[in-house]
Amino acid sequence: MSGSASSELCEVLIVDDDKVVALLHKNSLRSSQIEPAPVICDNGRKALEYIAAHDGTGKKFLILLDLNMPVLDGWKFLKKLNKNPPQAKVFIIIVTSSINQKDHLKAQTYGQVIHFCRKPLSAGCILKIKDLEQVRLFFLDQKEQ
Amino acid sequence: MKKDCWKEIFEAIPFACLVLMPKLPDEFVVVDANPAYLRLTGFSKEDVLNRDSREAFPPVPAVEECGRDQISAALLKVLKTGKKVEIKDLRLDLRNNNTGRFEQQAFTSQNIPIKNSAGEVEVILHTIRKVTIENQYDKREKEILEELNLSRQQFKNFIHENPDGLYRLDLEGNFIHANEGLTKMAEIPLDKLKKTNFLPFCAPYHKELILDHFSRATAGRITSFEADFFSAKGNKLNLKILLMPMQVEGKVVEVHGIAKDVTQLKQNEKVIVEKSRFLEVHAAFVSSLLENDIQHDALNETFGIIGKTVNADRMYYFGADKDPDTGEILISQKVEWCSANAIPQIDNEELQNMPIKKVEEITAPLIKNLPFTAIYQDLEPGALKDIFEEQQIKSMLLLPIFVGENLSGFVGFDDCTRQRVWNEEEISFLKSLTQNLTNAFEKSAALEKVKKREEELKLSEQKFRALVQEGSDLISILNINGYYSFVSENYKKLLGFNPEELTGKNAYHYIHPEDTEKVRTQFFRLTEEKQVTISPYRFRNKEGQYRWVQTTLTNLLDDSAVQGIVANSRDITTVIKQAREIEHINERYQLAATATEDLIYDWDLTSNEVTRFHRGLQELFGYPSDVVNKRSFWKENIHPEDKPIEKKKLYQAIGDPNQDFIKTEYRFRKADGTYARVVDKGYIIRDHTGKAVRLIGATSDISEITAKREAVKVANKRFKMAMKATSEMIWDWDIKKDFVTRSKGYKKIFGYDTNNATSVNSFWLDKVAKEDREKVEHSLKCALKDTEAKKWKLEYRIVKADGKIAHVVDRGYILRDKNGQATRMVGAVLDVTHSRKILRKIQKQNKILKEIAWEQSHVVRAPLARIKGLLHLLEEEEFEEMSKEEILFHMKDSTNELDSIIRNIVGKTEKINVRVR
């Protein structure tokens with residue numbers, strides 16, 4: 001079913017400088033039948049560049065965003081995204097190792113942020129992501145499998 | 001035969017001949033003329049020989065087309081063609097030898113070319129012969145024959161084939177003859193019609209009229225009239241008759257007549273009249289609808305006009321509405337017009353809210369927007385037949401009215417005297433009328449809708465305004481994340497925030513940290529519930545103080561007008577405080593009751609239970625405690641005269657949601673039968689709706705009051721003493737006199753001697769730091785001006801006698817006279833310089849600590865998260881990207897990283913601690 005229309009519309013990006021964690025997350029997504037395989041960017045700037053290169057109306061990105069990163073961290077990424085919003089719809093899930101409540105609250109001030117997760121992504125957490133109202137549709141047929 | 005006998009022959013020809021020789025292109029010269037010619041024309045030979053041909057012809061003075069020209073033209077033609085040319089009807093004026101007058105005569109002329117050996121026309125023989133009389137007779141006969149044919153044709157057309165009836169009657173009125181037109185009308189063959197009298201054909205009611213006209217005709221007068229006749233086969237005819245007497249020698253011998261069938265004409269006339277009436281009605285109806293919208297009176301009137309025009313006995317309109325519960329279509333008669341033949345049904349209760357399905361026959365066509373017609377004799381037994389019988393209906397026509405997609409009603413026409421079959425034209429005309437009605441209904445429905453919408457909008461706007469602006473509630477609209485998109489004006493009044501200050505901000509920011517989680521949990525219930533009430537929580541006001549607030553949230557995200565969550569909040573600080581206070585009061589009263597003579601009571605107004613606190617063993621008003629504890633204790637012992645008044649006062653106070661305190665005096669019977677004068681003071685506790693739930697109070701003897709007054713005096717004395725003794729900076733400002741008394745503390749703390757400086761302006765304001773002076777002045781002025789203000793509080797800087805700056809918090813209580821005019825202010829100044837310093841230090845330190853904590857939470861957690869994930873991978877054995885060895889390597893790596901981080905943190909923290917110290 002990887003070629004189904006709705007799943008094609010939503011591309012998943014893992015933005016994390018920690019290569020091991022990114023691999024772990026990629027593995028978890030596959031285990032939870034989230035397809036196709038995510039694109040991995042090791043900082044915010046690369047993620048922005050990827051979005052800009054693949055932007056277009058009707059496109060959708062689901063971004064698993066780490067906060068603490070070199071070059072362009074998660075917060076700066078959000079700010080830049082807000083300043084120059086792409087045509088594509090971008091849904092962001094903060095995936096951080098931080099347990100600081102302030103980060104959680106700050107994340108809520110960004111409209112694109114639809115969820116907040118702690119590292120490492122657990123199977124339960126991915127299930128929850130798949131069931132989020134904003135993105136539920138994209139994973140519907142995958143869930144049915 | 002003689003050789004040159006041609007000349008003699010020429011001379012001997014009995015009709016006139018000329019020999020003409022062509023000369024110039026269009027000229028002919030007479031070369032010879034025979035005697036017959038000379039005789040005919042009266043010319044002599046000399047007159048014509050060698051003359052131009054035109055001069056040789058006799059003149060034709062009366063005729064425009066001259067005979068000479070005719071001949072000249074013929075001659076030229078001969079010359080041109082070389083062939084003989086004949087002139088048939090040549091007219092020439094010739095002198096009558098007998099009378100000597102010129103007479104026109106008809107001739108024929110032959111012009112014969114005589115050619116030479118070369119084939120050229122050398123001469124032309126021109127002959128003229130008179131047309132014979134026989135010839136003229138033939139012509140005349142031909143003309144007569146033609147005339148006869150014409151007359152025959154005319155007879156055929158005018159008499160025989162004339163569609164009108166032409167006939168002859170004898171003086172008795174018997175037919176002598178008639179044309180086919182009449183026999184067709186009478187539907188009887190001519191032979192039978194002959195000798196028949198006209199009377200049997202007359203309509204009985206017109207017989208007299210017809211006879212009258214016939215006798216006029218026999219008397220010799222031409223007469224004309226219209227009357228009804230019946231054909232032999234009994235068909236009715238409306239005939240227009242013209243009777244003409246036929247006179248021979250002054251005597252009338254026959255009567256000739258013409259009968260014109262005007263039946264169709266009359267019918268057409270009737271149709272035209274009807275149609276023009278229809279059009280008039282139509283126009284009247286439309287204009288009435290346009291002018292008056294849909295009004296029952298106007299409809300009634302137009303229904304009458306239409307009903308009469310179409311000759312119906314009843315015209316009515318039924319409205320159709322859907323039953324709000326079942327969706328069934330209910331019909332009700334709304335407008336009705338009746339002729340004298342019909343029984344009015346407008347007051348028939350059965351025709352109101354009648355389910356349309358009850359009359360099966362009409363339902364199907366009407367809901368399909370099709371007309372319905374029925375006549376009595378065709379009806380099967382059923383509801384419709386019952387209606388027909390009940391209302392004496394013979395025929396019915398119903399036309400549906402559709403507004404939008406729905407049947408909004410129908411217009412009906414009943415006939416009570418005949419089983420009328422409506423023709424298509426009538427139905428289509430009436431349909432066009434109802435179409436107008438439909439249009440008017442649609443227009444009215446649309447207007448109604450708009451009006452209703454406007455009213456609803458107005459109402460909701462008013463309601464909204466009333467709620468938002470005039471209500472005591474705080475209204476705001478938030479998004480699902482708690483961001484304000486709208487904040488009502490009374491946020492300013494109740495919490496000190498200007499609406500624009502809060503708009504765009506997150507509500508959680510203002511909620512007490514201890515309450516945030518609770519509020520958040522309750523807030524998220526909105527995803528499942530439409531409305532959620534959030535239990536009391538603390539909300540920070542502009543001044544930074546927390547107020548207790550209770551909020552009801554309504555999810556109107558789907559409402560296009562709101563698109564948010566409406567928060568309805570109420571400041572319940574007072575209630576909460578009261579509740580807290582009550583707890584304290586209870587405790588206090590328990591204690592107090594043991595120490596005083598007062599009767600303390602707590603009356604639960606919901607359960608009507610009264611708890612009385614008093615010194616257990618000692619008696620109150622001389623009663624033993626078991627008597628005091630009885631519920632009816634108060635009722636039984638209050639003075640009978642005071643009881644109704646006190647009860648009334650009590651209920652009034654309880655019933656008024658704004659009153660929370662009651663104080664009253666009455667007489668109360670002591671155990672010894674004498675009455676004590678008591679003062680009763682009670683606090684009314686109310687729930688959030690304002691309903692009184694408890695009344696807590698104390699009943700005391702007047703003597704107790706006196707004792708308290710004494711106590712107050714003592715307290716005042718004590719205050720004065722305290723003021724003298726205290727090292728705090730207390731001030732007492734007599735505003736009218738602008739005289740300030742300050743405690744000794746001033747000198748001690750600020751270094752100023754207070755004895756000589758007594759005025760606010762001359763002493764105090766000078767000491768306030770320049771930057772704050774205006775602020776202090778303005779704030780004081782505002783507080784004094786506001787007749788409601790009881791307190792004043794301000795933080796500002798003051799310049800001490802040694803030139804150092806001190807931060808102070810100044811608080812004052814304003815005393816006012818009856819008019820609200822501030823008369824006195826008593827206050828205290830607190831030097832907060834030190835505490836401010838400490839606070840700033842703490843804030844700074846906090847900031848540093850927070851930064852550290854944030855960093856740590858990220859840095860420390862990173863390898864930990866990695867380890868957790870790797871462990872999971874290892875447990876689940878579901879890895880593709882890494883080998884087991886790699887996993888173990890990363891785990892080891894992460895563990896080392898974690899270790900070094902922790903070491904680092906310990907080091908950092910130690911440094912920070914040193915710095916803070």
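Everything that follows concerns the structure shown earlier in this document.
1. A word on the overall build of chain A
When helices and strands are tallied, chain A shows 7 helices and 5 strands. Starting at the N terminus and ending at the C terminus, chain A contains elements arranged as α-β-α-β-α-β-α-β-α-β-α-α. Taken across its 145 residues, chain A has 39% of its residues classed as buried. Long-range contacts, defined as pairs at least 24 residues apart, comprise 70% of the intrachain contacts of chain A with a sequence gap of at least 6.

2. Section: the interface of chain A and chain B
Contacts between the two partners involve 19 residues from chain A, matched on the other side by 22 residues from chain B. For the side of chain A that touches chain B, the secondary-structure elements that each account for two or more residues are α2 (19-31) and α5 (101-108) of chain A. Taken together, the residues of the side of chain A that touches chain B sort by class into 7 nonpolar, 8 polar and 4 charged.

3. Digging into the sheet that holds strand β6 (residues 165-169) of chain B
Residue and element names in this part refer to chain B. With antiparallel pairing, the 5 strands of this open sheet are ordered in space as β7-β6-β10-β9-β8. Each of the sheet's edge strands pairs with one partner strand only, and the pair in question is β7 (175-178) and β8 (223-230). Neighbour-to-neighbour, the strand axes of this sheet turn through a mean angle of 30 degrees, independent of strand direction. Running at roughly 140 degrees to β8, helix α9 (residues 207-218) makes contact with β8, β9 (236-248) and β10 (251-261) of the sheet.

4. Here's the deal with the nonpolar core
All names here are of chain A. Leu13, Val15, Ile63, Leu64, Leu65, Ile93 and Ile94 are the most contacted members of the largest nonpolar core, which totals 41 residues. At 6 residues, α2 tops the list of elements feeding residues into this core. Residues in contact with Ile94, not counting those within four places in the same chain, are Leu65, Leu67, Gly74, Ala107, Val113, Phe116 and Cys117.

5. A closer look at the sheet that holds strand β27 (residues 729-734) of chain B
Residues and elements named next belong to chain B. With antiparallel pairing, 5 strands are arranged side by side in an open sheet as β28-β27-β31-β30-β29. Since the sheet does not close on itself, it has two edges, and those belong to β28 (739-742) and β29 (791-799), each with one partner. Pairs of neighbouring strands in the sheet enclose a mean axial angle of 25 degrees, with direction left out of account. Bridge count between β29 and strand β30 (residues 805-816): 9 bridges; the pairing is antiparallel. Across the sheet, Leu794 pairs through a bridge with Asp810, a residue of β30. On top of the sheet, helix α25 (residues 770-785) reaches β29, β30 and β31 (822-831); it is set at about 165 degrees to β29, its chief contact.

Cut-off values and rules
Residues numbered from 1 in each chain as written. Chains lettered and ligands numbered in written order. Predicted model: local features only at pLDDT ≥ 70, side-chain atom pairs only at ≥ 80, totals over all residues. Helix = DSSP H or I, 4+ residues; strand = E, 2+ residues; numbered from the N terminus. Buried ≥ 20, exposed ≤ 12 C-beta atoms within 10 Å, placed from the backbone. Contact = placed C-beta atoms within 7 Å. Nonpolar A, V, L, I, M, F, W, Y, C, P; charged D, E, K, R; others polar. Pairing = 2+ DSSP bridges. Axes fitted to C-alpha atoms, helices over the stretch in contact; angles between N-to-C directions. Core = buried A, V, L, I, M, F, W, Y, C linked by C-beta atoms within 7 Å.

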